[in-house]
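Single-letter residue listing:
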Amino acid sequence: MKKFDEYLVKFEKTAAKLLLIFMIVMVFASGIARFLRNPMNWAVDFSSFLFAWACFFAIDVAWRENKMMSVDLFVKRLPVKVQKLIRIIMLFIILAFCVYLIVWGAQLTWTQRFRKFQGMPNFSYAWVTLAVPVGAALLTRSTAQKIFKEFSNKFVGEAK
């Protein structure tokens, strides 16, 4: 399972980087094409598709590697056991929100299946909205791992 996690994180990092690079190239090429009076109307829509997927991959990587911004000025002043309890409660709130995003995102994807991009008539908008439940599923997995880790670690100062 650990090997799978390593491959998954490596895939997410690579995918996020490549999608962002390709998105930047698309927007830049669209700007140049518009300057040359030959606009690529579909490039901005396609860039939003790439951006949605890149964001969810990057969010999961940052969450897994504890690189998300947090404000813990107050919590750090509390006893260690209370800090752990607050972390666990917050992780369960995040887990509940991720499950909500999976359900809501799946419904949204289903309702958007016939919607087409304005500049790309053969490309369903559902591919963009699919990033929500897939990304939330990745975040759910990462959050569940954090919860298991919290419960497997003993409280600091507890007898071993």
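Procedures and definitions
- Residues numbered from 1 in each chain as written.
- Predicted model: local features only at pLDDT ≥ 70, side-chain atom pairs only at ≥ 80, totals over all residues.
- Heavy atoms only, no water.
- Core = buried A, V, L, I, M, F, W, Y, C linked by side-chain atoms within 4.5 Å.
- Buried < 20%, exposed > 50% of the residue type's maximum accessible area, 1.4 Å probe, protein only.
- Helix = DSSP H or I, 4+ residues; strand = E, 2+ residues; numbered from the N terminus.
- Contact = heavy atoms within 4.5 Å.
- Expected span 1.5 Å × (residues − 1).
- Salt bridge = Lys/Arg side-chain N within 4 Å of Asp/Glu carboxyl O.
- Axes fitted to C-alpha atoms, helices over the stretch in contact; angles between N-to-C directions.
- Parallel < 35°, antiparallel > 145°, perpendicular 65-115°, else oblique.
- Left-handed = near helix turned anticlockwise from the far one by under 90°.
- Nonpolar A, V, L, I, M, F, W, Y, C, P; charged D, E, K, R; others polar.

1. A short note on the nonpolar core
1) Next: With 23 residues, the main nonpolar core has L19, F46, F49, L50, W53 and F57 as its most contacted residues.
2) Next: Elements supplying a minimum of two residues to this core: α1 (2-35), α2 (41-64) and α5 (131-152).
3) Next: At nine residues, the largest contribution of residues to this core is made by α2.
4) Next: With sequence-adjacent residues up to four places away left out, L50 is seen in contact with L19, F22, M23 and M26.

2. Quick look at α1
1) Next: Taking 1.5 Å per residue as the helical rise, α1 with its 34 residues ought to reach 50 Å, and the 50 Å between its terminal C-alpha atoms agrees with that figure.
2) Next: Within the span of α1, buried status applies to D5, L8, V9, E12, A15, A16, L19, M23, M26, S30 and A33.
3) Next: Summarising the contacts, the buried residues of α1 are in contact with α2 and α5.

3. Considering the pattern of salt bridges
1) Next: Enumeration over the complete set of coordinates arrives at nine salt bridges.
2) Next: With a closest N to O distance of 2.7 Å, K13 and E65 form a salt bridge. Separated by 52 residues along the polypeptide, K13 in helix α1 and E65 in the loop between α2 and α3 (80-111) bring together distant segments of the chain.
3) Next: For K13, a relative accessible area of 33% gives the class partly exposed.

4. Notes on the packing of α3 against α5
Describing two packed helices takes the angle between their axes plus the distance from one axis to the other.
1) Next: Where α3 contacts α5, the axes come no closer than 8 Å and their chain directions differ by 160°. As the angle between them shows, α3 and α5 are arranged roughly antiparallel. α5 is crossed by α3, and the crossing has left-handed handedness.
2) Next: Here the residues of the contact of α3 with α5 sort into 19 nonpolar, four polar and four charged.

5. Structural notes on α3
1) Next: Taking 1.5 Å per residue as the helical rise, α3 with its 32 residues ought to reach 46 Å, and the 46 Å between its terminal C-alpha atoms agrees with that figure.
2) Next: What α3 keeps buried is the set Q83, K84, I88, L91, L95, C98, L101, G105 and T109.
3) Next: The elements touched by buried residues of α3 are α2, α4 (126-129) and α5.

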